[in-house]
Amino acid sequence: MKSLTPLALVVASSISAFACSGGSAAILPVGDGGVLPDGGSTSGDGGGPGDGGTGPGTDGSTPVDTGNGLLPANAGWKTSSEWYRSIENAPVAEHSAAMIGGIPQWGKTGVFQIDFSFIVLDGAGAPTVKFPVNDEADDVPVPVPARGYIEGGYNYPDCPTDQEDCHLLVVHRPRGQLFEVYTARNNGGAWEGSVAWWQFNKTYPRTARGQGCTSADAAGMAITPGLIGYKETKAGSIEHALRLVLRNDFIRGAKSRDFPMVAYPATHGSTATSSATSVPYGARLRLKASVRESDPRFASPGAKAILKALHTYGMIVADGGNIPLMAESDKLYKEANPAEGWTGILEATDLGALRPSDFEVVGIPKDIPTGAPGWYATKADYEAQLKKPLGCNGIVQP
């Protein structure tokens, strides 16, 4: 996946304060500083797609119900995060048609395509790595399995950072933690990259890790909850919003640091975006009811599961690029069992018939999912809620 660099200043050179402060990180020996942010030490090599089960974690931590999703079934985010809010009955934004009109097509090809390059590693029992302390990054050790892959299926040392985002995604289910590293790379035992740390049993405010602060994604949100997971899709039920990637020139913005273009739940934007009327980062699009799950154009079981999710949870504008939706890679599943895999469940163009006009923009929630009800849906209210996307004053964790 070639996506917009999620940085405070994204210009032609695509250089970021989040990722360019340099330096490298070393693996912390187990028992000698290998300590997770909540004080739990780790051991073992982790790895695998993290099927888990309901037994205790390999490091003696709390049992979890892994369910079929990429996050545990009992994660606190299931009730407190916008990724899991149902928008089935949310009001349509008054100027939805105008915003959708600012998206003439999907990416460069116009095809509503799916990318299968993200790999989510299981961090339970893995040794920890200390990454460099970069601007807008969390200074926490990251559990990295001895064997695993970076976005695109690259081995740890091999991701071409001049061409790819090189995301390293690690979920530590027993401890309720998510680690997402941007431009991750291991060079001769030393790691480089910038860490965004999320605690999915904590309730984040509307400003998430800080208004104006980036993450491993351009919009300042977590990536993993918005991916199309293999196990959940195979089971036929995707119970969360999806991460939407649009071309930079189809995202609301301007070549100015002061232009407001970010809608909650996004906290960050990019000066590379340039549309004057389209959807901002954080905008939520819902599939219109006129597009039915029984539509014969969408025959695969995975396509039908996605259509249902787009009706119920929608998709959130999170990054700039050319492939609209992102799915979990089946690489680790196939390594564990060659009979597993996306074949027969979902292919890259199974939703290719969808057009931007098949979607509508819903209002902006007035509060976090556990807070007060209500939506900013009139044009005046919606536009008044857009925030200046840049200028992080420091990362804040709940």
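Everything here concerns the structure above.
Please read all numbers here as calculations on a predicted model, not as lab measurements. Here the residue numbers are simple positions, counted from 1 along each chain's written sequence. The predicted origin of the model limits local features to residues at a pLDDT of at least 70 and limits the giving and counting of side-chain atom pairs to 80 or more, whereas totals for whole chains, interfaces and linings rest on all residues. Calculation of side-chain values draws on the structure's entire complement of heavy atoms; hydrogens and water are dropped beforehand.

(A) Quick look at the pattern of salt bridges. A pair is scored as a salt bridge if a Lys or Arg side-chain nitrogen falls within 4 Å of a carboxyl oxygen belonging to Asp or Glu. Across all of its chains, the model carries 12 salt bridges by this definition. Its salt-bridge partner being R147, residue E335 comes within 2.1 Å of it at the nearest N-O pair. Linking E335 in helix α5 (residues 331–336) with R147 in the loop between β5 (141–143) and β6 (168–172), this pair joins segments that are 188 residues apart in sequence. Between buried and exposed lies partly exposed: a residue is buried under 20% and exposed over 50% of the maximum accessible area for its type, with that area taken using a 1.4 Å probe on protein chains only. Its relative accessible area of 36% is what places E335 among the partly exposed residues. Counting from the N terminus, the helices are DSSP H or I runs at least four residues long and the strands are E runs at least two residues long.

(B) Focus on empty space enclosed by the protein. Here a cavity is any set of points on a 1 Å grid over the protein atoms alone where a 1.4 Å probe fits but cannot get out, and a pocket is any open set with protein on both sides within 12 Å along at least 5 of 7 lines; a residue lines the site when it has an atom within 4 Å of a point. Grid points are joined across faces, edges and corners, and a volume is the space filled by probe spheres set on the points. Per the counting criterion, the structure on display carries four cavities of 30 Å³ or more. Considering only enclosed or pocket space, the largest cavity measures out at about 250 Å³ in volume. Lining the largest cavity are 19 residues, with S81, E82, Y204, A208 and P265 positioned closest to its centre. Split into classes, the residues belonging to the lining of the largest cavity amount to 12 nonpolar, four polar and three charged. Within this model, the second largest cavity holds a volume of roughly 60 Å³. Along its surface, the second largest cavity is lined by E82, Y264, P265, G282, A283, R284, V362, G363, I364, P365 and Y382. Each residue receives one of three labels: charged for Asp, Glu, Lys and Arg, nonpolar for Ala, Val, Leu, Ile, Met, Phe, Trp, Tyr, Cys and Pro, and polar for the others, Gly being one of them.

(C) Spotlight on the sheet that holds strand β9 (residues 242–246). What makes two strands pair is DSSP finding at least two bridges between them. The strand order across the open sheet built from four strands is β9-β11-β10-β13, with neighbouring strands paired in mixed fashion. Looking at which strands have only one partner, the edges of the open sheet turn out to be β9 and β13 (359–361). Strand-to-strand twist of the sheet, defined as the mean angle between neighbouring strand axes without regard to direction, takes the value 45 degrees. Pairing geometry for strand β10 (residues 284–287) and strand β11 (residues 315–320), over two bridges, is antiparallel. Under this scheme, a helix contributes an axis fitted over its contacting stretch, all axes are lines through C-alpha atoms, and angles between N-to-C directions fall in the 0 to 180 degree range.

(D) The arrangement of the environment of F298 in detail. Within the fold, F298 resides in the loop between β10 and α4 (301–312). Owing to a relative accessible area of 0%, F298 belongs among the buried residues under this scheme. As for F298 and G352, which are separated by 54 residues in sequence, their C-alpha atoms are 8.7 Å apart.

(E) Structural detail: the state of the cysteines. When two cysteine sulfur atoms are found within 2.5 Å, that pair is recorded as a disulfide. Considering all chains together, one arrives at two disulfides under this definition. Here C213 connects covalently by a disulfide to C392, the sulfurs 2.0 Å from one another. In this structure, the disulfide formed by C213 and C392 twists by about 80 degrees around the S-S bond and is classed as right-handed. Of this pair, C213 sits in the loop between β8 (190–199) and α3 (230–235) while C392 sits in the segment after α6 (379–384), and the two are 179 residues apart along the sequence. Residue classification places C392 among the partly exposed positions, given a relative accessible area of 22%. The connectivity of the disulfides in the protein chain is 1-2, 3-4, where the numbers refer to bonded cysteines in sequence order.

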